[in-house]
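Examining the three-dimensional arrangement
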Amino acid sequence: MSVITGTTKLLGVIGYPVEHSLSPVMHNAAIGVAHTKANLGLDYVYVPLPVKPEDLEVAIAGFAAIGVVGFSVTIPHKQAIMPLLTEISPIAQSVGAVNTVWRTSSGWSGTNTDVEGFVAPLREKNRDWSQTVAVILGNGGAARAVVAGCTQLGCAQVRVVGRNQEKLNQFLNSWVNSPLPIKLSVHNWEELPSLISQADLLVNTTPIGMYPHVDKSPVDEAVMAKMPMGAIAYDLIYTPNPTQFLRAAQAQGASAIDGLEMLVQQGAAALQIWLQQPVPVDIMRQSLRQHLGLST
Ligand code: NAP
């Protein structure tokens, strides 16, 4: 842990509740490591900041008054913060949510690093995505970052599966004016067996299978068996690790990506914005794995 002095600069995460956030673990690990290297001058600390929805505006004004450098934004503030910012990146506007905010001379700027976090482990695969059909389970907040990420990769088609037709229609309509070249369709769960048989990339953005419901999966094993060989299964959930969904996909020969990497990469992208220098991603990953009791 870095030594906090009178010159230490403040970073944090706002949410409500926020006590379960893993972000302080990885950010302080990265800052602490950087701190031990001579002359980097990373005199920062990252703290959880519980902010009730009704206190958001006054909290942000207070952060400006005390010179907070930047902060992460989590539930329930990812949309509500937007009118309080002077600048919002195009990607955050497309997603309709901000998860990273930093102070500028004219006020607060915001972006969404969940898209970058989602895409990072996929880019490592170094493949051509132009023929890829992506099937996304769920149509909530995280699914929006996933749709934007699949579009950034250049996927041929993005098919979103949900259980509520009205929400699905709203989801589809919300992208109509997006500057992103999105090739999106929406589907109900009954269509999943036929969708899965064409899915090169299958992403779970629902909370099904999250601790403590570790035996649950959003997809039955019989349906999972329809996954094409060589497909990628990606679960945004990071506990358990791996999820039942990823285990079943791997048993079918799919390659698996877990939500921990997205969490690490979105955090690394945010820390890089605040510090304006490269950050130790390995340390961030290692600290989270250690914290969660996973092998490092
Ligand atoms: P959200 O906005 O509440 O969306 C959840 C979606 O899942 C909704 O579309 C919901 O459908 C659907 N769903 C929930 N229970 C379902 C069920 N039993 N059957 C079918 N569909 C169901 O939540 P979110 O913010 O998108 O987060 C979703 C998951 O992603 C969480 O597990 C979260 O921890 C994870 N996440 C991970 C990262 C990361 O960095 N790894 C980042 C963000 C989120 P309805 O709309 O019909 O209710």
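What comes next concerns the included structure. (Residues numbered from 1 in each chain as written. Predicted model: local features only at pLDDT ≥ 70, side-chain atom pairs only at ≥ 80, totals over all residues. Heavy atoms only, no water.)

Another aspect to go through is the pattern of salt bridges. By the definition in use, this model includes three salt bridges. Note that Asp-114 is salt-bridged to Lys-78, the shortest N-O span being 3.0 Å. Placement of Asp-114 in helix α4 (residues 114-123) and of Lys-78 in the loop between β3 (70-73) and β4 (87-88) is noted, with a sequence separation of 36 residues between them. One salt-bridge network, in which partners are shared between bridges, spans Glu-261, Asp-282 and Arg-285. (Salt bridge = Lys/Arg side-chain N within 4 Å of Asp/Glu carboxyl O. Helix = DSSP H or I, 4+ residues; strand = E, 2+ residues; numbered from the N terminus.)

On to the site of the ligand. Around the ligand, a shell composed of 20 residues is seen, among which Asn-139, Ala-142, Arg-163, Leu-236 and Gly-259 lie nearest. Contact distances for the ligand include 2.9 Å between a nitrogen atom and a backbone N or O atom of Leu-236. Looking at the shell around the ligand, the elements that each hand over two or more residues are α5 (141-153) and α10 (259-275). With three residues, the top contributor of residues to the shell around the ligand is α10. (Near = heavy atom within 4 Å. Polar contact = N/O pair within 3.5 Å; in protein donor to acceptor, adjacent residues only side chain to side chain.)

Further remarks concern α5. Compared with the 18 Å implied by 1.5 Å per residue over 13 residues, the 19 Å span of α5 between its first and last C-alpha is a close match. The buried count for α5 comes to ten of 13 residues, which makes it a mostly enclosed element. Taken as a whole, α5 has its buried residues at Ala-143, Arg-144, Ala-145, Val-146, Val-147, Ala-148, Gly-149, Cys-150, Thr-151 and Leu-153. Once α5 finishes, Gly-154 follows within two positions and takes phi at roughly 95 degrees, a positive value. (Expected span 1.5 Å × (residues − 1). Buried < 20%, exposed > 50% of the residue type's maximum accessible area, 1.4 Å probe, protein only.)

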